[in-house]
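Results of the structural survey
Okay, here's what each chain looks like letter by letter:
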2 protein chains.
Amino acid sequence: MNDNHLEETLQRHGIRPTAVRILLLEIMEHFENTFSLADLETEADTLDKSSIFRTLTLFAQHHLLHVIEDGSGATKYCLCHNDHTCRVEEMHCHFHCEICGKTFCLDKIHVPVISYPEGYEVREINYLIKGRCPACRSKR
Amino acid sequence: MNDNHLEETLQRHGIRPTAVRILLLEIMEHFENTFSLADLETEADTLDKSSIFRTLTLFAQHHLLHVIEDGSGATKYCLCHNDHTCRVEEMHCHFHCEICGKTFCLDKIHVPVISYPEGYEVREINYLIKGRCPACRSKR
DNA sequence: CTCGTTTCTGCAATCGGATTGCAAGATGGA
DNA sequence: TCCATCTTGCAATCCGATTGCAGAAACGAG
């Protein structure tokens, strides 16, 4: 696992591999769950918030990241493990814990596809479950 | 359709019917789709933003409103037509148009229920589809 | 009806995440 | 090496959400 695979990943998605982007991608790979801009800021304290923001935007545009709005106020992200495109059938569900605020990727669970109403063009689906995660349930 | 049914609706949900709340509920009933705090502010220009905010919060707590985060930056709401509780099986899907920014209630389409992972306690599900609505598709 | 208590509302201020303008720095090609 | 382009850091700004506080309204007891 050298740096090379990071560069390759970026290039495969049509992203020019700069030092900042390689660093951020490496950090992202170490998160177990979803992460926010603030999380990245903590891990990469040499980088500026705006650079991280622009990197996130770029990665998302190139389908290297999923964007998740969990209603917590802060946008969450997670690495997209599909290749180039993110077809609807490949999207997975997310779980947001209302107690600890963490958002989990339910990688194994694909978004159930419904029969969409006539006339709408579907680009993307967010399936977000809210409730209490196992850790928070066991407390108290 | 006199004001009475508005008061009754509020009381049925355990909300004390004040003038502000009755007015807001009436305005909400006139929206076809989802609405934001700003939408209500426009319609009820005598009311203060914070009063509207607190009313929305209260209505949501008492399950009179659904809260929808569509990623547009502004939280959207829609009236909940189920009685007291909002069971998962009763939740419906939403569609967010990335062109015009409107969010539609797909009332007829219930959220598909998946088999949830062990250990998580499900309270609520958001199923949000993004894409282009019929009106925006027909243009250009 | 009056008084005291609780609830609600408007106003103003604040918070926090998202986003942008700009100039300096880094990169790539001729 | 030099120029054009892309990136990045810094600082400022935007905007929706949220809160503190004091006056107004609603309620219940006597």
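The structure we're discussing is the one just above.
First things first, this report covers the structure right here in the doc. (Residues numbered from 1 in each chain as written. Chains lettered and ligands numbered in written order. Predicted model: local features only at pLDDT ≥ 70, side-chain atom pairs only at ≥ 80, totals over all residues. Heavy atoms only, no water.)

The next subject is the environment of Met28 of chain A. Residues and elements named next belong to chain A. Checked against the element boundaries, Met28 lands in helix α2 (residues 19-29). Along the primary structure Met28 and Asp39 are separated by eleven residues, whereas in three dimensions their C-alpha atoms are 9.6 Å apart. Leave out the neighbours within four places in its chain, and Met28 touches Phe35, Leu40, Leu56, Phe59, Leu65 and Leu79. (Helix = DSSP H or I, 4+ residues; strand = E, 2+ residues; numbered from the N terminus. Contact = heavy atoms within 4.5 Å.)

This model, assessed by the stated rule, comprises twelve salt bridges over all chains. Its salt-bridge partner being Glu98 of chain A, residue Arg123 of chain B comes within 3.1 Å of it at the nearest N-O pair. With Arg123 of chain B in strand β6 (residues 121-132) and Glu98 of chain A in the loop between β4 (92-97) and β5 (103-110), this pair bridges two chains. For Arg123 of chain B, a relative accessible area of 43% corresponds to the partly exposed category. The partner of Arg137 of chain B in a salt bridge is Glu121 of chain A, and the shortest N-O contact between them spans 3.7 Å. Of this pair, Arg137 of chain B sits in helix α5 (residues 134-138) while Glu121 of chain A sits in strand β6 (residues 121-132), placing the two residues on different chains. Salt bridges sharing partners connect three or more residues here, namely Glu98, Arg132 and Arg137 of chain A together with Glu121 and Arg123 of chain B. (Salt bridge = Lys/Arg side-chain N within 4 Å of Asp/Glu carboxyl O. Buried < 20%, exposed > 50% of the residue type's maximum accessible area, 1.4 Å probe, protein only.)

It is worth spelling out the relation of the copies chain A and chain B at this point. Least-squares fitting of chain A to chain B yields an RMSD of 0.0 Å, with the transformation described by 0.0 Å of translation along the axis and a rotation of 180 degrees. These values place the two chain copies in the arrangement generated by a two-fold rotation axis. Closest to the rotation axis within chain A is the C-alpha of Tyr127 of chain A, separated from it by 2.4 Å. Here 100% of the contact residues of chain A are again contact residues in chain B; the copies associate through an equivalent surface. (Least-squares fit on C-alpha atoms with pLDDT ≥ 70 in both.)

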